[in-house]
Amino acid sequence: MAIVRWDPFRELNLLRSQMDRIFEDLLGREKEEWTKASWHPPVDIYETENEIILKAELPGVDQKDLEIKVEDDTLILKGEKKVERDAKTENFLRAERVYGTFQRTFSLPQTVDKEKIKATLKNGILTLTLPKREEVKPKQITVQVEE
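Each chain has its residues counted from 1, following the order in which its sequence is written. Local features are withheld for residues below a pLDDT of 70 in this predicted model, meaning they are given only at 70 or higher, and side-chain atom pairs are given and counted only at 80 or more; totals for whole chains, interfaces and linings count all residues. In computing side-chain values, all of the structure's heavy atoms are included and hydrogens and water are not.

What follows is about the overall build of the protein chain. Going along the chain from the N terminus, every DSSP run of H or I of four or more residues is numbered as a helix, and every run of E of two or more is numbered as a strand. A tally of helices and strands in the protein chain yields two helices and seven strands. Starting at the N terminus and walking to the C terminus, you meet the elements of the protein chain as α-α-β-β-β-β-β-β-β. Relative accessibility under 20% of the residue-type maximum defines a buried residue, over 50% an exposed one, and the middle range a partly exposed one, all with a 1.4 Å probe and only protein chains included. Scored against the burial criterion, the 147 residues of the protein chain give a buried share of 22%. Contacts in the protein chain between residues far apart in sequence, at least 24 positions, make up 52% of those at least 6 positions apart. Accessible surface area values rest on a Shrake-Rupley calculation with a 1.4 Å probe, where residue burial reflects the displayed protein chains alone. Of the roughly 12100 Å² that the protein chain leaves accessible, carbon and sulfur atoms contribute 51%. Here a residue-residue contact requires only that any non-hydrogen atoms of the pair lie within 4.5 Å.

The next point concerns the nonpolar core. We call a set of buried Ala, Val, Leu, Ile, Met, Phe, Trp, Tyr and Cys residues a nonpolar core when their side-chain atoms join them within 4.5 Å. Residues Leu-58, Leu-66, Phe-102 and Leu-126 are the most contacted members of the largest nonpolar core, which totals 16 residues. Those elements giving two or more residues to this core turn out to be strand E2 (51-57), strand E4 (74-81), strand E5 (100-107) and strand E7 (125-131).

As for its position among the elements, Lys-132 is in the segment after E7. You can call Lys-132 buried: its relative accessible area is 13%. Pairs of N or O atoms within 3.5 Å make up the polar contacts considered here, provided that, within protein, one atom can donate a hydrogen while the other can accept it, and that residues adjacent in sequence are counted only when both atoms are side-chain atoms. For Lys-132, the side chain forms a polar contact with the main-chain oxygen of Thr-48, separated by 3.1 Å.

Our next topic: the sheet that holds strand E3 (residues 66-71). Ordered by their spatial adjacency, three strands build an open sheet running E3-E4-E5, and the pairing between neighbours is antiparallel. Every other strand in the sheet has two partners, leaving E3 and E5 as the edge strands with one partner each. Strand-to-strand twist in this sheet, taken as the mean axis angle between neighbours without regard to direction, amounts to 15°. Bridging between E3 and E4 involves six bridges; their strand directions are antiparallel. We call two strands paired when DSSP finds no fewer than two bridges between them. Axes here refer to lines fitted to C-alpha atoms; in helices the fit is confined to the stretch in contact. Angles between the N-to-C directions go from 0 to 180 degrees.

Remember that the coordinates give geometry; whether it matters functionally is a separate question.
Okay, structure coming up:
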């Protein structure tokens, strides 16, 4: 068994970072978003050398019920997952799936070329490709050796 040095402030720092995340989520959303939204699709965001990729799980959301727009430096993802059942004729024993409208907003870094953003929807996964501007991509510099 390894001996671990006790840090009395570790739990406090963890609690503080969790509380900061909660307040950022709460205060970062507009009031209108809270009144309209009933669920938030989970997303993955990752970066490659040439682009930023955002993938959102949107099972059951039709393309016509999806709206993606960029305002200033904010990417807005809106949509609606419509109920696909008739509650009057079906006798449910359990209903756990979530339906309704949603809205997610994401701050875009200055490195993104907003004019070239592409979106695809396949098998319930929305993929947004946010290409980086040419001037911000890393450039390889060759070193010449002089004799």
